[in-house]
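Spelled out from the first residue to the last, the chains are:
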Amino acid sequence: MSDQTTTVTPEAPPAAEPPAPRKPPGIPLWANPRLGLVVLLIGLVVLFSTLRPAFLNTALTLVPLQADISVYAVVGLAQLMVLSLGHMNMAVGRMAAMSAFAMGLAYDRLDVPLPVGLVIGLAVGTLLGALAGLIISRTGVNSFVVTLALDFAMIGLITILYTRFTDGVAFSGQPTSMTALRNDTFADYCIGNVCGPNVPLVVPFALVAALAVGLLFRYARLGREILMTGDNARAAELSGIPTGTRVVQAHALSGLLAGLAGFLLAANNGAFSASIGEQFLLPSFLGPVLGGTLLAGGAVSILGTVLGATLTQVIYKGLNLLQFQLDQLKLYIGLVLLVALSLDRVRHVLAERRGAQA
Amino acid sequence: MILTAEGLVKTFPGVRALDGATLRLAAGSVHALLGENGAGKSTMVKLLTGVYRPDGGRIVLDGKELHLTGPLDAQRAGIGVVHQERNLIPAFSIAENIVLHHLPRRLGVVDRNRMRAEARRCLDLLDLDLDPDTPVADLSVAHGQLVEIAKALSLDSKVLLLDEPTASLTGDEADRLYAIVRKLTTDGGRAVVLVSHKLEEVFAIADTVTVLRDGHSVAEAEPLESYSQGQVVDLMVGRAYASVTLAAREVDPQTRPALRLDRVSTAGGHRDVSLTVRPGEILGLYGLVGAGRSELAKALLGLDRITGGTVEVQGQPVRIRTVGEALRRYKIGYVTENRKEEGVFLDQPITRNIGVTIWRRIARAGLVTERAERTVVADYTERLGIRAASPRQLAGQLSGGNQQKVSLAKWLAAQCEILIVDEPTVGIDVRTKAAFHELIAELAGAGMALLLISSDLPEIVTLADRVAVMNDFTVRGELANDHDYGRMSQAIIRMIHAGPDPEQTGAGPDRPDAAGEPAA
Amino acid sequence: MTKLLTARVEPAGRLRSLTRRPEFTLVLVALAGFVALAIATNGNLLSAGTLGAFFRFLAVPIVIGLAQMVVLAIGQMNLSVGALTGFCAMVAAWAMLEAGLPAPLAIGVALLVGLVAGVTNGLLVVFTRINGFIVTLATMTIIEGLRYGVNGPDTFQGYSPGLREFGRASLLGLPVVFLVALAVAALVAFFFARTVTGRQLLASGGSPFAARLSGISNDRSIVIAHALSGLLAGVAAVITVASSGSVNSSIGDDLLLPSFAAPIIGGVALTGGAVSVAGTCLAAFIVRLVDVLQAQFDINRRWIDLIVGAVVLGAVLLGTARQKLLRRSS
Amino acid sequence: GCTKKSDNEAAGATTRAADQVKIALVPGGAHPYFQPWKDAATKAKADLGLADVTFNETSGWDQTKQNDVLKALAAQGYNAFGIFGVAPENINSTFEDLKGQGFPVASLASCPAGDVNKADFCLSTDVELAAYKAGQAAVEAMGGQGNLVHLTGNKVDSNTQRRIAGVQKAVDETGGKVKLLQTVTDVDKDLQSAQKAVADLLAAKGTQIQGIVNTAYNPAVAAAEGVKQAKLPIKVIAIDDDQTILAGIRDGSVAGTVLQNPVGQASVGSYALTKLAGGCTVTKPGVVIDSGSFVVTKANVDNYETDRQAKTDELKKAFDGQYLSCQ
Ligand SMILES: Nc1ncnc2c1ncn2[C@@H]1O[C@H](COP(=O)(O)OP(=O)(O)OP(=O)(O)O)[C@@H](O)[C@H]1O
Ligand SMILES: Nc1ncnc2c1ncn2[C@@H]1O[C@H](COP(=O)(O)OP(=O)(O)OP(=O)(O)O)[C@@H](O)[C@H]1O
Ligand SMILES: [Mg+2]
Ligand SMILES: [Mg+2]
């Protein structure tokens, strides 16, 4: 094999770069989808507080607003977990309800302290999510179908469980610290004369969740591999990523976050009841999608999700304060959402024009 | 001139794909449109067929300026096209796909008889004996490509643009296609634009040539006779090219094989496949499309069940269940032939595309340090000469050749000891191809064991130390490579066509078509 | 060129290909379920009254399933079908009772409202480039508001006796509304199988880019699919108004999930490009069987939800498993 | 060290004159039952000379949303609340929140689950009693024997449990002559499911059934219609006095209905809330008061309103004399 073979090869390494990058591929700051949301948010806050100064009332508006945002940001993150795969979790609400049931049962029957019950509930949510993920990855059936069917099944199960374990539809016993979570803000806790900000105690839960999810997708191998699976499952498989496991893990994390949302809602409402999670499904999509996460998978925006959840809750609050009747309320919520969504489109068109001229 | 396009400009975010390019097309001629990967050939084709709208320049057909707002406009104006990517609707029948742009109708209802007749006519032009009612999903890649061509012919257009039509065709099929192209131009007076990286074919059929470089036309409608292949390459690349010698390798046949297959059979239908690859050696695996080479590679990676025989890695018998296991425990990598679907993550930045195989190695407590990742990735982008605006650019925005490099870089970064490379240079321009060849040789030189799957005979002869010939899901034989193209090619072809095993009947030379039912 | 590709379907092969279709599983499940239920109820299921009620309340699930199916065909979803059905029903009742329109005109108005809402959905999807799932989520909220706005929470009743007569009438032992639903299903099937527009819709759904290159406007397909979906919701509304005799703003609340269940169990992929009218109808039939099971045996409704969930999953899994087996054996 | 502010330092109740009182009447969601509250609210505003009385039904049967609505109303300056709690099991915490702000709170049309009521008072139909009366009316309409079916709402609702108990009691009193064939729950979500459930029920067992008693709105409408259409000799007892149901009583398709007293709840509730805002206190905090329920048949369909008005007046007197103590 000493024969020498020849082939055409460039004389010089390809250093002289022909298509010199004329501008970096990143989008300009003003065209960042998150920025658009922030502007819209500020606009709405200004509008609402001009029309109704009560919008800036701390105890009655701002504090409850923060508590609501916390719940729905976590709900959005739960959906985001599977959107990253290009999947959907139609059972977020019911997973939250099952978790809340487990927590309620633990507090009521076993008198466990708050963190223990929380862990038990989150474990239940995680298991349910993992179950969904397992069915999806094993059978290859679309996630929408699997989680929808699971949702159906759990609607029934939850009622059966509550009627079996409680005489009403809620657990009566719960640790006293739940009351603090519900009622207190950091302003109630002082060191000497220095008191905390007017932030409800549930907010840190949501913040930690958002940070953890952000960290996961940016730095953790797990999160990155989930994103790669979402972008192109076949290529991920061929790159040595255990895609089936990643699907299960993403769904499990979705279940875990749903469980956390259920806990926060129970804290806000003051009871672990069968109705927890009933209203989660639609907001769970609104947050991420408003924040710029596509349903196609492979890319997520955590900040966007939080901003999206904030926007929806601000809209609700504002319209509530304006005291619209039911028909108008729904009408305006839908319209404002459409506007918020289209704004993104307008921004895109503008960005494209600018890009084309550059 | 039947078609003139002047000063065409097209900008994508961050890239100017065309920057004042010109194309002049005479009636009755075959015109070659050449250029390196990413030179802007497909973009030009798409501008001429209304897929994209130009940012500048004008297109004149038959003396009238065209303002194409969509593909339909181009079709109406008489411009037919076969795009580089396959564009058929899998669930529809061949007939419906062929006439989709002008479904024959009566009162809004599809006239199926006319539809079939029209499809039959186009298939007959290509001598294709396919049932027009077959769903396209059931077709092989090559047949799909031919249906696509039939579809373009159904328009009876004045101008026909073919963007790499033969990339997935066998020699016979390509020859038949070119015969039709000839007929169309000489009999029908039509003009054909041919985009191809296979320069031999181009020189055999084209009359004139336009060469694109970085979005400019550096040769405009010149007669092809006035050039040699080398000169065209120089034009495409932008400077003089010289042949460089690949370093010779010496492999001791006593070395313990890195990978050894002994009478392996698979659920996919392989029988008695035996191969050995030693460290520092390139084993070429040649075969016609559908011979079962890619499937063999995938079976080795655990994507298909191995039903018999033994696989040994570094002397140890192994049972590989997942690609991850192949990568981590046995250090086997696989560069897929199908980069768009299986090789790259189109919506992810280059860094993540390359980094995906190394995260496990560089992660601390499950967290990836971005700096470590960037260093490794930068190393490989540089070594492979990946041209991108920034490492954060999305892989989907790269030209085909650069995507291929990204797909390879991922496996180099993974530090494999055994690398299976599947059709590494399909659709790759000459210069990049040469760079790839050099790189592959270099990897072998550095002690890697390489299994090179290729349908490109010159490539095999250039690179391989030994050549195994596969047909019909089994290895027909093995040859030592003496690097003499003429002799090697004859020996290899003879080996493919050497009659089938006595107990095997009906597997003649046209067997690849039926490869869908290997275990029959 | 190859035997595989040119093989003509022989008569024997035709039967074989029929049994190979995904719908075949559903036919078996539906038949088995129906027979089992008939036996379990000692034939009560086959009595005229029971059978009448069975098919009368099958009409809306079929039509609403089709309304979802036509958008699934292009890879979209329509979350507003339920609310829209309710809104159209309220508008029809309002037109007869408050605006004093004769029934045929009121029906026309309801259908028109459905069509217009559908077109609006489609245009919004096209112009905002936002996923249809999200757009229809927003329009659903708006339509819910409108639905409530027609008559508050109060019930409309006592409109056109002729229309209600029609809703209760039977032909050959089958409720007329059910026959209407079947006719609509046949039309939808014909639309997708044979008309140019229908084929173009499927092409857009199957591979939008390829469709575009063939000169098909995907935007047009999106608008048409949503329009059709709205129109079918209008049809479902008319059936509801005719057969139920009273409507209020809660109409449509229980339709969203069934609208997905029918086509999905029926084997329609969410990715678009394929439809199965027969599958959708059969799936609606199977879900209706579960309903009747509940009434006949006084099963806790919550168990029914559980059973429906299991049936959906089971049917889909069975279908996938069968296709896999078929592929392996071929 | 870390200290926590005392919980109830803000709870100092302020007294307000009538023209400073802004009452919010908040049902759990949109439902025909609450519609009379609108007119009652306007009337109360005029009669009592209040600053404002508003009616807000946007809660959407969701406790979280209702809490938001309540807080928004409080932020808007409403300072007395009459509430139908969406979730009887945890509405008490909402009541406590509002009371903590110093607002008088009435639980209207429904009381919290369990034995504790954290609102100032609860003025509501005694649902068990009303269901019992409905059961009795059904037994009577059936001629004292036969099979009865009970259609009702959300099973996981403490009021539903009470209704089931009430009907059961009436049936038990017949000593086995009337059999409760079936209790169908969860058919109140929307009209169409109710219609379907009734049709299926009649198809399955229509000939065995002599009476249907309804303790929820949508099934009542569906049952009246369904029985009429099926031409079966089944006696239907409905609930409330929606136009459709009154029409049914007049044309005989509905044997009777059990009315509640929404107007009384809203007007007397507003009255008591105004008094509480003015400095009165409830003698027994959390007292539960029955606002009355009335059986209406063809015999009294045209003059039941007088009975109801009498009950309302009586309630008002009872508040003055018994439930409230004012200086
Ligand atoms: N949709 C797009 N978005 C962004 N950039 C694009 C897009 N399409 C093409 N480009 C860029 O435009 C340039 C020209 O691409 P084009 O596909 O025309 O090359 P080509 O000559 O056909 O190459 P090949 O031989 O690899 O097919 C490349 O740099 C490519 O990255
Ligand atoms: N011409 C054909 N007709 C029918 N089926 C084919 C044809 N070509 C390939 N296939 C099928 O496509 C699949 C892929 O074949 P595979 O890629 O393993 O072949 P290969 O030898 O690697 O060929 P290639 O040169 O395309 O890489 C196999 O299932 C094969 O049966
Ligand atoms: Mg190209
Ligand atoms: Mg291959």
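Predicted model only: the values in this text are computed from it and were never measured.

1. Looking at the side chain of His226(C)
Residue and element names in this part refer to chain C.
Part 1 of the argument: Tracing the chain through its elements places His 226 in helix H13 (residues 218-244).
Part 2 of the argument: One polar contact links His 226 to Gln 76, side chain to side chain, over a distance of 2.9 Å.
Part 3 of the argument: When sequence neighbours within four positions are dropped, the list of residues in contact with His 226 reads Val 71, Gln 76, Met 77, Gly 118, Asn 121, Gly 122, Val 125 and Thr 136.

2. Some thoughts on the nonpolar core
Part 1 of the argument: Phe144(A), Phe263(A), Phe272(A) and Phe81(D) are the most contacted members of the largest nonpolar core, which has 299 residues in total.
Part 2 of the argument: With 14 residues, helix H2 (residues 58-83) of chain A is the single largest residue contributor to this core.
Part 3 of the argument: If we skip the residues at most four places from it in the chain, Phe263(A) touches Met103(A), Tyr107(A), Leu114(A), Leu118(A), Met178(A), Leu181(A), Phe205(A) and Phe272(A).
Part 4 of the argument: One finds Ala235(A), Ala299(B), Leu300(B) and Leu463(B) within the second-largest nonpolar core, a separate group that totals 77 residues.

3. A word on the UniProt feature "transmembrane region" (unreviewed entry) in chain A
All names here are of chain A.
Part 1 of the argument: UniProt's feature table lists "transmembrane region" (unreviewed entry) at residues 35-57, 69-92, 112-136, 143-162, 201-220 and 285-309, given in the numbering used throughout.
Part 2 of the argument: As a span, residues 112-136 carries 92% helix and 0% strand, and end to end its C-alpha atoms are 34 Å apart.
Part 3 of the argument: In residues 285-309, helix accounts for 56% and strand for 0%; the two terminal C-alpha atoms are 9 Å from one another.

4. Description of a nonpolar patch on the surface
Part 1 of the argument: Together, Val38(A), Ile42(A) and Val46(A) give the surface a local cluster of nonpolar side chains, amounting to about 240 Å² of exposed area.
Part 2 of the argument: Mapping Val38(A) onto the fold places it in helix H1 (residues 33-51).

5. Some points on the packing of H2(A) against helix H2 (residues 63-75) of chain D
Part 1 of the argument: In the contact formed by H2(A) and H2(D), the axes pass within 9 Å of each other and the chain directions differ by 160°. As the angle between them shows, H2(A) and H2(D) are arranged roughly antiparallel. Crossing hand, H2(A) versus H2(D): left-handed. Of the residues in H2(D), those touching H2(A) at Leu60(A), Thr61(A), Pro64(A) and Asp68(A) are Thr64(D), Asp68(D), Lys71(D), Ala74(D) and Ala75(D).

6. Notes on the arrangement of the chains
Part 1 of the argument: Sorting the 5 pairs of chains in contact by contact count puts chains A and B at the top.
Part 2 of the argument: For the non-touching pair chain B and chain D, the nearest C-alpha separation works out to 35 Å.

7. A few points about the interface of chain C and chain B
Part 1 of the argument: Chain C puts 27 residues into the contact, and the matching count from chain B is 32 residues.
Part 2 of the argument: Carbon and sulfur atoms make up 59% of the surface buried where chain C meets chain B, a total of about 2600 Å² over both sides.
Part 3 of the argument: The tally of links from chain C across to chain B stands at 1 salt bridge.
Part 4 of the argument: Linking Arg199(C) and Glu96(B) is a salt bridge whose minimum nitrogen-to-oxygen distance equals 2.5 Å.
Part 5 of the argument: If you look at where chain C meets chain B, you find 6 residue pairs in polar contact (both at pLDDT 80 or more).
Part 6 of the argument: Elements supplying a minimum of two residues to the side of chain C that touches chain B: helix H1 (3-6), helix H10 (176-194), helix H11 (196-206) and helix H12 (208-213) of chain C.
Part 7 of the argument: Within the side of chain C that touches chain B, the residues separate by chemical class into 14 nonpolar, 9 polar and 4 charged.

Conventions we followed
Residues numbered from 1 in each chain as written. Chains lettered and ligands numbered in written order. Predicted model: local features only at pLDDT ≥ 70, side-chain atom pairs only at ≥ 80, totals over all residues. Heavy atoms only, no water. Helix = DSSP H or I, 4+ residues; strand = E, 2+ residues; numbered from the N terminus. Polar contact = N/O pair within 3.5 Å; in protein donor to acceptor, adjacent residues only side chain to side chain. Contact = heavy atoms within 4.5 Å. Core = buried A, V, L, I, M, F, W, Y, C linked by side-chain atoms within 4.5 Å. Buried < 20%, exposed > 50% of the residue type's maximum accessible area, 1.4 Å probe, protein only. UniProt positions renumbered as here; feature names shortened; annotations may be inferred. Patch = residues over 30% accessible without salt bridge, like charges linked within 9 Å, V, L, I, M, F, W, Y side chains within 5 Å. Areas by Shrake-Rupley, 256 points an atom, 1.4 Å probe, with all protein chains shown as cover. Salt bridge = Lys/Arg side-chain N within 4 Å of Asp/Glu carboxyl O. Axes fitted to C-alpha atoms, helices over the stretch in contact; angles between N-to-C directions. Parallel < 35°, antiparallel > 145°, perpendicular 65-115°, else oblique. Left-handed = near helix turned anticlockwise from the far one by under 90°. Buried area = accessible area lost by both parts, 1.4 Å probe. Nonpolar A, V, L, I, M, F, W, Y, C, P; charged D, E, K, R; others polar.

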